[in-house]
Amino acid sequence: MRLNRRHFLQQLTYFTATAATGRALFGQETMTVKGAPEPLLDTSALARYVDPLPIPEMLKPSGLRPSPENPASKIPYYRVSMRQFQAKAHRDVPPTMFWGYGGACPGPTIEVRSGQPVLVEWANELPNRHFLPIDHTLHGADKEKPDVRTVVHLHGGRTPPESDGYPEAWFVPGQSATYYYPNQQEATALFYHDHAMGITRLNAVAGLTGLYLIRDDFERSLNLPNGAYEIPLIIFDRSFRPDGQLSYPVSGRPDAPWVSEYYGTAILVNGKIFPYLEVEPRKYRFRVLNSSNGSFYRLSFSPESEVRSEALEFVQIGTEQGFLSAPAPIKVLILGPGERADLIVDFSARAGKELYLRTASAMVMQFRVSSVKSADPSSLPTTLRPIRRIPENTAATTRQLTLSDYQNRLGRSKVMLLNGTHWSAPVTEKPLLNSTEIWSFVNLTDDSHPIHLHLVRFQILDRTPFDLSVYQLTGKIVFTGPAVTLDANELGWRDTVRVDPMTVTRIIVKFEGFAGRYVWHCHMLEHEDNEMMRPYVVVPA
Ligand code: C2O
Ligand code: CU
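All values reported here derive from a predicted model rather than from experimental measurement.

A. Seen up close, the coordination of the copper ion (ligand 2). Distances from the copper ion (ligand 2) to its protein donors, His 449 (ND1), Cys 522 (SG) and His 527 (ND1), fall within 2.0 to 2.1 Å. Sequence positions of the residues that donate to the copper ion (ligand 2) give the spacing H-x72-C-x4-H. Placement of the pair is His 449 in strand 27 (residues 449–453) and Cys 522 in strand 31 (residues 516–522), with a sequence separation of 73 residues. The exposure classification of His 449 matches that of Cys 522, with both residues buried.

B. Quick peek at the sheet that holds strand 27. Read from one edge of the open sheet, 4 strands run 29-27-31-32, paired in antiparallel fashion. Each having just a single partner strand, strand 29 (496–499) and strand 32 (533–538) make up the two edges of the open sheet. Going from strand to strand, the sheet's axes swing by 25° on average, the running direction of each strand aside. Two elements, strand 27 and strand 31, share 3 bridges in a ladder whose sense is antiparallel. Paired with Leu 453 across the strands is Trp 520, a residue of strand 31.

C. Quick peek at the side chain of Thr 421. With respect to the helices and strands, the residue Thr 421 is situated in the loop between strand 25 (413–418) and strand 26 (436–443). At 2.8 Å, the side chain of Thr 421 forms a polar contact with the backbone oxygen of Leu 418. Not counting chain neighbours up to four residues away, the residues in contact with Thr 421 comprise Glu 531 and Arg 534.

D. View of the pattern of salt bridges. A complete count under the given rule lists 34 salt bridges for this structure. For Arg 506, the salt bridge is made with Glu 392, and the minimal N-O distance between the two is 3.1 Å. Of this pair, Arg 506 sits in strand 30 (residues 503–510) while Glu 392 sits in the loop between strand 23 (363–369) and strand 24 (397–407), and the two are 114 residues apart along the sequence. Lys 510 is the partner of Glu 512 in a salt bridge, and the nearest nitrogen-oxygen pair spans 3.9 Å. Relative accessible area serves as the criterion here: at 23%, Glu 512 is assigned to the partly exposed category. Through salt bridges that share partners, Glu 111, Arg 215, Glu 219, Glu 230, Arg 285, Arg 287 and Asp 342 make up one connected network.

What counts as what
- Residues numbered from 1 in each chain as written.
- Chains lettered and ligands numbered in written order.
- Predicted model: local features only at pLDDT ≥ 70, side-chain atom pairs only at ≥ 80, totals over all residues.
- Heavy atoms only, no water.
- Donors = N, O, S within 2.8 Å, 3.2 Å for Na, K, Ca; no water.
- Helix = DSSP H or I, 4+ residues; strand = E, 2+ residues; numbered from the N terminus.
- Buried < 20%, exposed > 50% of the residue type's maximum accessible area, 1.4 Å probe, protein only.
- Pairing = 2+ DSSP bridges.
- Axes fitted to C-alpha atoms, helices over the stretch in contact; angles between N-to-C directions.
- Polar contact = N/O pair within 3.5 Å; in protein donor to acceptor, adjacent residues only side chain to side chain.
- Contact = heavy atoms within 4.5 Å.
- Salt bridge = Lys/Arg side-chain N within 4 Å of Asp/Glu carboxyl O.

Spelled out as structure tokens, the structure:
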């Protein structure tokens, strides 16, 4: 096996990096577009803060249907069609063609109550031709397969296997699939997105993503900012051609156009580049989702429209799978692909001024705070939902699972594997229903990978640096230091975990909910599409 060429170099410099996480993340946030053959629109030169932030509409049910679990009871039924449409990403960019749920990108927000099941019919009404470069050499995307295939996954949902959007359960234009979501889980922000085998990355760039909010009584009792004061911020990056159309880079090999990562030149929020939002001087709740293909963001709020300006403190109250046990004051939020954060930002000290959302390398959006004092009856409690740490000794099994990157002679990634196995290899992860396991991810690559398991929520145990060259020679894990301290916002319930380079990252998971076949994968979609995804089976006890 040939490992990444930069490993040894990076190993030398690794401990001089400010934080074990910092280096790789900054690297991934750069705005280079690999192998782009076409000229791109210089989005950094666009006028800033000229478009108001769009708010995705709330989806209304189209009626009631019998519940598949109990036909005597009727449950809300929604229909969402995937359609091609044009939208303006910025005042000065010509209209862009997207594919979106409900003909919008992001798609409509679906809001449900915990414990109240719903049915969603996902209808593929897209054209028969893809407008982004399919790589037919990738598994599941061979020439015999139709170009346009879709399947919808509710990310973070505790969903029965037949409604989970298995990557091979795709359907083509003219077809639809009706999925059952029991919503038996705590209040949080999930998101729905495409998951079709071998082309997920392209369907995602085309625009197939949307938010799914689960509400519960506990959340209501907290009296958090709500209504007009609770705002989704769905963040993703894209590159555009000068004519305003989406650009997706290619490898330079016409028969195998796959590239290993997609980083767009522009960061969009709710579909706009450099939007602004008018706010009142009071608390707001922001439901942040990073639905980028490959970018990790280091998000912060600044008093000036300057990447290097000061970072002000804000508060995180929840992670992917719900509330933290207490609000965590932070200045920088690291958010990887597929990750969500529930934030409270208090604008009361900024009346009459602006505030900006930025990453470590780019401005994202502006908040214009009105000077008129407004009442703020919402609260920020000092404690939220208690989180019981899962004791390590309850784990029935520990699985050691590697992340690796295989390169060609030019040092370009060819394929990335989980535990050295391809998608089509027999299932190796077969936890028993209701059992607890520790999954220990050994990252042999030089990038951070956001690893996501379907069906379950989990807790991060630790992240510990190890000696890669010893591992390569002997297959043994020798730690080179103590575990890295987890960020306060990593101690909540997660469904995605950042597995940093040259670390062993351990999570503890209880496989609850349903038995059946699911997947786990890297949420960098270029990796996922090229074998960094594996089926796993929850076996009935
Ligand atoms: Cu959001 Cu299997 O993914
Ligand atoms: Cu990856």
